[in-house]
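# Examination of the molecular architecture
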Amino acid sequence: MTVRPRRIAALVAALSVGVLTGSSCATNGIGRETGGGSSGPLDGFGRRDERQRVGSFSNVQAVAVSRRYVFAAGSSGIAIYDRVMDRWLPPLTRDDGLTDQQITVLAGDPVEDALWLGVPGGVIMYRPLTEQLQRTIITGVPDLIAFDRGGTGGATGDAIVRAGGEWTRISRVGIATPMARPPLASTLSLPRTLNDLYAQFPTLRTQPSLLLRTQQSDRPLRSAQIISGAASPERASEVWLGTAGDGLFRLDPAFMQSTPLPYGLMEPGVGALALAADGVWAAGLGQSLDRGGLSFVGSDLQRFRWIDGTISVPLVGVRGRSLVTRASRLWLGTDRGLVRVRLDGTQAMQAWGVLDGLPDERVLSVATRDDGVWAGTARGLVYVSDSGDSRSARTRGVGGRLLDNVPVHALQFTGDTLWIGTEAGLMAIATPNGGVGGVVSRPVGSDPALRRAVRALAWSDTVLLAATDDAVLRLAPRGGVEPVRVDPLDVRQVGRVTKVAIDDRTMWLAGTDGVVIVSRRDGATRVLRVPGDLPGPVLDIAVNRDYLWLGTPQGLIRLRRRGDGGLP
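Rules used throughout
Residues numbered from 1 in each chain as written. Predicted model: local features only at pLDDT ≥ 70, side-chain atom pairs only at ≥ 80, totals over all residues. Heavy atoms only, no water. Helix = DSSP H or I, 4+ residues; strand = E, 2+ residues; numbered from the N terminus. Buried < 20%, exposed > 50% of the residue type's maximum accessible area, 1.4 Å probe, protein only. Contact = heavy atoms within 4.5 Å. Areas by Shrake-Rupley, 256 points an atom, 1.4 Å probe, with all protein chains shown as cover. Pairing = 2+ DSSP bridges. Axes fitted to C-alpha atoms, helices over the stretch in contact; angles between N-to-C directions. pLDDT = per-residue confidence, 0-100. Polar contact = N/O pair within 3.5 Å; in protein donor to acceptor, adjacent residues only side chain to side chain. Phe/Tyr/Trp six-rings, centres within 6.5 Å; stacked < 30°, edge-to-face > 60°. Lys NZ or Arg CZ within 6 Å of the ring centre and 35° of its normal.

Along its length, the protein carries four helices and 48 strands. Of all 568 residues assigned to the protein, the portion counted as buried reaches 57%. Of the contacts formed within the protein by residues at least 6 apart in sequence, a portion of 50% connects residues at least 24 apart. Counting every atom, the protein has about 22,900 Å² of accessible surface; 51% of that belongs to carbon and sulfur.

Structural data, given as structure tokens:
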């Protein structure tokens with residue numbers, strides 16, 4: 001499918017997938033380059049499934065279809081859907097050893113299961129089965145890719161590329177041969193474009209909202225906008241559509257029925273994470289002006305779910321700062337207040353702000369109980385009852401305020417004790433009461449770090465970790481033991497501290513410059529650095545038995561854990 005000229009400017013800014021450097025016909029596997037060059041983000045990870053990056057594919061700028069695969073180009077790369085196995089493959093992204101270049105045309109190969117991409121000065125062929133990239137240098141900017149289907153010399157299946165008015169034949173091994181004259185139309189196989197689909201199925205142009213029904217009654221009205229499309233080469237009853245904000249759709253034009261196939265995140269970037277039973281929830285950074293909300297990513301990277309803000313609780317442009325789940329509730333701390341989301345079929349939302357009794361709109365941390373949630377804001381701590389929607393309009397379930405004008409960066413329960421990481425140091429409430437608060441005290445200890453800003457807290461079994469700007473402290477929540485510094489979790493390795501995490505096998509410290517990973521069994525330490533190992537600052541961490549999830553401004557990173565809790 002040819003990318004229409006009026007969208008090229010948007011693709012330059014949003015779609016930056018690139019090509020491997022090397023010779024004019026370089027063929028190599030994903031993440032490995034021929035010849036010299038700097039190491040890529042996959043260095044240190046042997047297989048692609050050990051490290052997966054999930055970006056945003058709500059805006060599908062271009063679609064191409066081969067005999068088996070569907071290729072959907074978004075702002076984070078190219079998503080690949082296996083039509084035969086009905087599952088997603090790892091996307092083609094910058095993490096695969098690619099450099100940034102503008103994509104001008106996509107085409108699915110009718111002969112083999114491959115994708116052809118046109119970029120300025122070159123054409124790339126990608127074979128998903130072997131994860132192989134093949135680059136051929138040509139003159140000009142490709143604007144059309146067709147395929148030879150036979151002439152006097154018989155069919156070869158070679159790609160016929162038009163760039164700058166000149167035609168080039170590219171063989172399946174990447175050899176480019178300039179053509180003296182334009183090919184005959186009868187000898188070419190041209191993938192159908194979106195305009196061809198409009199001509200065949202006029203309803204796509206006149207009434208797209210009838211085909212792409214994703215609207216809910218309590219959500220803002222959004223028009224369905226089709227911006228790309230392609231047809232299956234061997235199935236007349238299968239059309240694939242890319243939309244602006246709603247992802248990829250599979251359409252049966254005979255019955256005019258569509259199936260949404262969301263992949264990845266709703267919006268670029270991850271500000272906060274929360275574990276679910278079979279995956280992770282992610283809140284965005286508010287960078288999208290079209291859509292905002294929550295994204296669910298299954299642990300197998302096959303199940304995705306997007307929840308928009310409602311009419312009364314809009315989430316477009318809202319940054320998520322903290323996220324926790326409890327039962328069928330999800331609590332989201334944002335820069336515009338506290339939001340509760342029901343994870344049942346209703347997906348109902350309710351929000352609390354300054355007018356409802358919060359000390360500040362900026363909710364930096366959240367800790368839940370069965371009957372409500374404690375919210376740490378930029379100007380103090382407050383309790384909000386989970387039954388706030390049935391309370392009086394005056395209080396809406398908001399309890400007393402504590403620590404006035406003190407930023408609360410982190411909250412962590414250990415049994416009945418609420419630990420509070422503030423700008424003024426580490427504090428605790430032994431038995432917090434939602435109505436009146438409780439007595440705030442400081443832990444016993446002489447380390448001056450206890451009186452400095454505490455950026456993150458984490459707890460597992462009998463160990464509480466408190467991360468400050470210059471040290472990580474290990475405390476015994478039941479008291480009686482002097483806090484000690486965890487020297488292997490060196491804050492100098494991570495820049496500005498953002499999060500700390502711990503389980504029975506491993507400890508993690510994250511920041512703007514990377515992540516430090518320390519084994520609790522033998523003290524083995526590993527450091528993931530930005531930009532060599534990670535695409536950007538780590539804003540949040542979520543850990544389950546099999547995976548380490550990292551939220552960054554460039555998307556969600558899933559790292560597979562070994563049996564001992566470390567990384568491959």
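After presenting the structure, the write-up continues.
Spatial strand order, 38-39-40-41: four strands in an open sheet with antiparallel pairing. At either end of the open sheet lies a strand with only one pairing partner, and these are strand 38 (454–460) and strand 41 (484–485). Two elements, strand 39 (residues 463–468) and strand 40 (residues 472–475), share four bridges in a ladder whose sense is antiparallel. Among the inter-strand pairings, Ala466 is bridged to a residue of strand 40, identified as Leu473.

The next subject is the pairing of strand 38. Most of strand 38 sits out of view: five of its seven residues are buried. Between the antiparallel neighbours strand 38 and strand 39 lie two residues, among them Asp461 with a positive phi of about 45°.

Turning our eyes to something else, we now look at the sheet that holds strand 32 (residues 380–385). Here we have four strands laid out as an open sheet, ordered 30-31-32-33, and antiparallel in their pairing. Strands with a single pairing partner mark the edges of an open sheet, and in this sheet they are strand 30 (363–369) and strand 33 (398–402). Each strand of the sheet is rotated relative to its neighbour by a mean of 20°, with strand direction disregarded. In the sheet, strand 31 (residues 372–377) pairs with strand 32 via six bridges, with the strands oriented antiparallel. Pairing of Thr377 across the sheet is with Gly380, part of strand 32.

Here the protein averages 86 in pLDDT, and 87% of its residues register 70 or above. Confidence drops under pLDDT 50 across residues 2–43; counting only partners more than four residues distant or on other chains, this segment forms 106 contacts. Note that residues 390–394 has pLDDT below 50 and, in this model, three contacts with residues that lie over four places away or in other chains.

Summarising burial for strand 43 (residues 506–511): six of the six residues are buried, a large majority. Residues Thr506, Trp508 and Ala510 point to one face of strand 43 and Met507, Leu509 and Gly511 to the other, with burial holding for every one of them. The sheet contact formed by strand 42 (residues 497–502) and strand 43 spans five bridges and is antiparallel. The partner of Ala501 across the bridge, within strand 43, is Trp508. Once strand 42 ends, the chain turns through three residues before running back antiparallel as strand 43. Of the strand pairs in this sheet, strand 43 and strand 44 (residues 514–519) are connected by six bridges, and their pairing is antiparallel. The residue of strand 44 that forms the bridge with Leu509 is Val516. Count of turn residues in the strand 43/strand 44 antiparallel hairpin: two residues.

A few words now on the side chain of Ser56. Its location among the elements puts Ser56 in the loop between strand 3 (51–54) and strand 4 (62–65). On the basis of relative accessible area, Ser56 is assigned to the buried category, the value being 4%. Among the polar contacts listed, one links the side chain of Ser56 to the backbone oxygen of Leu265, at a separation of 3.3 Å. Filtering out sequence-adjacent residues up to four positions away, Ser56 remains in contact with Gly74, Ser75, Ser76, Leu265, Met266, Glu267 and Pro268.

To continue, consider the packing of aromatic side chains. As enumerated under the stated definition, the model contains eleven aromatic pairs in all. Three or more aromatic residues joined by ring pairs make a cluster, and in this case those are Phe57, Tyr81, Trp88, Trp240, Tyr263 and Phe304. Cation over ring: Arg369 sits above Phe413, and NZ or CZ is 3.9 Å from the ring centre.

In this fold, Val444 is placed in the loop between strand 37 (440–441) and strand 38. As a C-alpha pair, Val444 and Leu475 span 31 residues in sequence and 9.9 Å in three-dimensional space. If sequence neighbours within four positions are ignored, Val444 has contacts with Leu450 and Pro483.

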